[in-house]
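Observations on the model geometry
The lines below spell out each chain.
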Amino acid sequence: MSVVLVAGFMTLLDVSIVNVALPSIKASLGLSSGELQWVLSGYALTFGLLLVPAGRFGDARGRRTAFIAGLAVFTLASAAAGLATSAAWLVIARLIQGAAAGVVNPQVSGLIQQLFEPSERGRPFGLLGATIGISTAIGPLLGGLLIQIFGASDGWRWIFYINLPIGIVAIVLGARWIPGKPREERARETLDPVGVALLGIGVVLLLLPLVQEREWKGPAKWLLVVAAAAVLAGFVAWERRFARRGTGVIDLSLFSVRSYGLGALVGLFYFGGFTAIFFTFTLLLQSGLHYSALEAGLAITPFAVGSAAASAVGGRTVNRFGRPLVVIGLVLVALGLAGTELALHLVPGHGAGFATAMPLLVAGVGSGLVISPNQTLTLAEVPVRRAGSAGAVLQTGQRIGTAVGIAAVGAVFFNRLAHHDGNWSLAFEGSLLVTIGFVLVALAAGLADVIMARRSRA
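The following paragraphs examine the structure supplied in this document. (Residues numbered from 1 in each chain as written. Predicted model: local features only at pLDDT ≥ 70, side-chain atom pairs only at ≥ 80, totals over all residues. Heavy atoms only, no water.)

1. Section: the overall build of the chain
Selection rule: A run of H or I in DSSP becomes a helix once it reaches four residues, and a run of E becomes a strand once it reaches two; helices and strands are each numbered from the N terminus. For the radius of gyration, the atoms used are the C-alpha atoms, and the globule rule reads 2.2 Å times the number of residues raised to 0.38. For this analysis, residues touch if any pair of their heavy atoms sits within 4.5 Å. To be clear on the numbers: accessible area is Shrake-Rupley with a 1.4 Å probe, and residue cover counts the displayed protein chains and nothing else. Here Asp and Glu are counted as negative and Lys and Arg as positive; His is not counted, and neither are the chain ends. By convention, the charge on Lys lies at NZ, on Arg at CZ, on Asp at CG and on Glu at CD.
When its secondary structure is counted, the chain shows 19 helices and zero strands. Computed over the C-alpha atoms, the radius of gyration of the chain is 21 Å, within 12% of the 23 Å expected from 2.2 N^0.38 for a compact globule of 458 residues. A principal-axis box enclosing the C-alpha atoms of the chain has dimensions of 60 × 55 × 45 Å. The contacts of the chain with a sequence gap of at least 6 include a subset with a gap of at least 24, amounting to 82%. As displayed, the chain offers around 17,900 Å² of accessible surface, 68% of which is attributable to carbon and sulfur atoms. Once the 32 positive and 20 negative side-chain charges of the chain are each reduced to a mean point, those two points are 7 Å apart.

2. Some points on the nonpolar core
For clarity, the cut-off: We define a nonpolar core as any set of buried Ala, Val, Leu, Ile, Met, Phe, Trp, Tyr and Cys residues linked to one another through side-chain atoms lying within 4.5 Å. Throughout, exposure labels follow a simple rule: accessible area from a 1.4 Å probe, protein chains only, divided by the maximum for the residue type, with under 20% read as buried, over 50% as exposed, and the rest as partly exposed.
Counting 93 residues, the largest nonpolar core has Phe67, Tyr270, Phe281, Phe303, Leu330 and Leu337 as its most contacted members. Broken down by element, this core gets its largest block of residues, 11 residues, from helix α12 (residues 258–288). Excluding residues that lie within four positions of it along the chain, Phe67 makes contacts with Val3, Val4, Ala7, Val104, Gln107 and Ile178. In terms of nonpolar packing, the next biggest core, distinct from the first, is built from 23 residues, Ile17, Leu22, Ile25 and Ala84 among them.

3. Let's talk about the packing of helix α14 (residues 323–346) against helix α16 (residues 357–368)
Rule in force here: Note on method: axes are straight lines fitted to C-alpha atoms, helices fitted across the in-contact stretch only, with angles between N-to-C directions ranging 0 to 180 degrees. When an angle is under 35 degrees it counts as roughly parallel; over 145 it counts as roughly antiparallel; between 65 and 115 it counts as roughly perpendicular; any other value is oblique. A clockwise turn of the near helix away from the far one marks a right-handed crossing, whereas an anticlockwise turn of less than a right angle marks a left-handed crossing. Only Asp, Glu, Lys and Arg are considered charged in this grouping, and only Ala, Val, Leu, Ile, Met, Phe, Trp, Tyr, Cys and Pro are considered nonpolar; every other residue, Gly among them, is considered polar.
Interhelical geometry of α14 versus α16 gives an angle of 165° and a closest axis separation of 7 Å. Classified by the interaxial angle, the pair formed by α14 and α16 is roughly antiparallel. As for how α14 packs across α16, the hand of that crossing is left-handed. Contact residues: Gly329, Leu332, Val333, Gly336, Leu337, Gly339, Thr340 and Ala343 in α14; Pro359, Leu360, Val362, Ala363, Val365, Gly366 and Ser367 in α16. Across the contact of α14 with α16, the residue classes tally to nine nonpolar, six polar and no charged.

4. A few points about the side chain of Thr396
Mapped onto the secondary structure, Thr396 falls in helix α18 (residues 387–419). Owing to a relative accessible area of 8%, Thr396 belongs among the buried residues under this scheme. Sequence-distant contacts of Thr396, that is, excluding residues within four places in its chain, are made with Gly48, Leu51, Val52 and Val203.

5. A look at the packing of aromatic side chains
For the record, the criterion: Each aromatic pair joins two rings of Phe, Tyr and Trp (for Trp, the six-membered one) with centres within 6.5 Å, and gets the label stacked for planes under 30 degrees apart, edge-to-face for over 60, and tilted for any other angle.
A complete count under the given rule lists 14 aromatic pairs for this structure. Both rings, one in Trp156 and one in Phe160, keep their centres 6.3 Å apart while their planes meet at 85°; by these two values the pair is edge-to-face. Given a relative accessible area of 0%, Trp156 falls into the buried group. On the numbers, 5.3 Å between centres and 85° between planes, the contact of Trp158 with Tyr161 is edge-to-face. With Trp158 and Tyr161 both in helix α7 (residues 158–161) and three residues apart, the pair spans about one turn of that helix.

6. A word on helix α11 (residues 223–242)
Under the convention used in this document: Helix span, as expected, comes to 1.5 Å for every residue beyond the first. Directions from the helix axis toward the C-beta atoms define the arc.
The first and last C-alpha atoms of α11 sit 29 Å apart over 20 residues, in line with the 28 Å expected at 1.5 Å per residue. For α11, the set of buried residues is Ala228, Phe235, Trp238, Glu239 and Phe242. Burial along α11 is one-sided: seen end-on, the buried residues are contained in an arc of 100°. Exposed and facing more than 90 degrees away from the buried side of α11 are Leu223, Val226, Ala230, Arg240 and Arg241. As for α11, its buried residues are in contact with α10 (193–211).

7. Re the pattern of salt bridges
When their charged atoms lie close together, side chains carrying opposite charge are able to pair. Our working rule: In the sections that follow, a salt bridge refers to a side-chain nitrogen of Lys or Arg positioned within 4 Å of a carboxyl oxygen of Asp or Glu.
In the structure shown here, the tally under the stated rule is five salt bridges. Note that Arg94 is salt-bridged to Asp14, the shortest N-O span being 3.7 Å. Residue Arg94 is located in helix α5 (residues 87–115), and its partner Asp14 is located in helix α1 (residues 2–16); the two are separated by 80 residues in the primary sequence. Among the residues examined, Arg94 registers a relative accessible area of 0% and is labelled buried. The exposure class of Asp14 is buried, given its relative accessible area of 0%. A salt bridge links Asp154 to Arg157, with the nearest nitrogen and oxygen atoms 3.3 Å apart. The class of Asp154 is partly exposed, set by a relative accessible area of 38%. One network of salt bridges, in which partners are shared, links Arg258, Arg323 and Asp449.

8. A short note on α1
Relative to the 21 Å expected for 15 residues at 1.5 Å per residue, α1 spans 22 Å between its end C-alpha atoms, a close match to the ideal helical length. Most of α1 sits inside the fold, with 11 of its 15 residues counted as buried. Listed as buried for α1 are Val3, Val4, Leu5, Ala7, Gly8, Met10, Thr11, Leu12, Leu13, Asp14 and Ser16.

9. Focus on a nonpolar patch on the surface
Note the threshold: Patch rule: a residue counts if its relative accessible area is over 30% and it has no salt bridge; like charges are joined within 9 Å, and nonpolar side chains (Val, Leu, Ile, Met, Phe, Trp, Tyr) within 5 Å.
Nonpolar side chains collect at one region of the surface, where Leu145, Ile149, Phe150 and Trp158 lie side by side and expose about 380 Å² of accessible area between them. Of the residues forming the nonpolar patch, the biggest block, three residues, is contributed by helix α6 (residues 122–150). As for its position among the elements, Ile149 is in helix α6. Taking the relative accessible area as the measure of exposure, Ile149 reaches 56% and is therefore exposed.

10. Observations regarding the side chain of Gln395
Using the following cut-off: Polar contacts here mean pairs of N or O atoms no more than 3.5 Å apart (in protein, one a potential hydrogen donor and the other a potential acceptor; neighbouring residues in sequence count only if both atoms are side-chain atoms).
Along the chain, Gln395 turns up in helix α18. At a separation of 3.3 Å, a polar atom in the side chain of Gln395 contacts the main-chain carbonyl oxygen of Asn105. Ignoring any residue separated from it by four or fewer positions in sequence, one finds Gln395 in contact with Phe47, Leu51, Asn105, Pro106 and Ser109.

Functional significance is not addressed by these values, which are geometric in nature.
Printed below as a string of structure tokens:
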């Protein structure tokens, strides 16, 4: 459990840690705005692309094999990214890094399902939720600290080098401690290559215009979303046909289970708002208020602290309280973000970091009660043999939610920035309303699950 959580932390950390290093990377390698976008979004794109196929492979051929192979590639790609001397080199390394992270992460939730009985999974999923929350929130702080220590010109390279010793130790211990899958069980599983290809093409067509929303001008890019819908419809039709003679890449019957379907919806919309907070808030602090990378990271720390503390509590109590715990968490997040909006309005300027500390702490506590309990409840009724692919589908929804959230919130942020003549505070306050909207949609899905569960019991 320790090995897979450390690996999960490392791969998810690289989603957010790069944000505060972008100015240093741009100055060091002379990247254009489009190339900088690919350093960020390329990782997310290949991460989302590999999640479901890798989860299916882990279910079929063994999670230890997939975990170690993905972690080895991730470690090598991190070294390559740290050694980059050109934009193309860094972008390619980030694409490979994201793909490897997409291979590793489904094995984490799959191994929890495999190693723990249903009644025991609350605590490990609580630790996983804390890992997700802390890695996302503490990324800017750690990145800022490394740049402060090693200097603005080369400090960004250490955000990649830090993965090397951790990755090597995790590979060695993973090979020693993670159980393999018996050969006779591996031989009976099919991998559904047609389904994998259709899903991969559909995910790329869906994510590409979202991650490139600011770079590709004009409405033509949204035709790719229409194409994605057509390909994914073909994928669903193929999976229904394939299920009659084998095990498909996704068990579509899972979505008929209320806890899984609505839990996936909560994750989709919550991550649409959750990750966009750090994207726009970091821009406000560094570009608008001229915080250093370290100061920007420190300003976000209250969210990370609240999330870590509440995740541990949520993991221990989720089996007792169920989905209402997630609803309480979503309410706290919405209230914390509304408080952040009010604090920025009342205390404009350089004092924003102090003014937002308490509301961000409240939002972080709420987040800790959402991520891990929702993961536990959503996967509670999933058979162990489908745990990897079910967890991968859940994470793919979260990655799509992240891309949609950053595209929508980012569009509002930069449009308001231009409309208000470069007023970063007003731009952030407007974009924060969109973030709150995503959280409220997730809240509606959580409330629907609570109401339907009570009706079912009645």
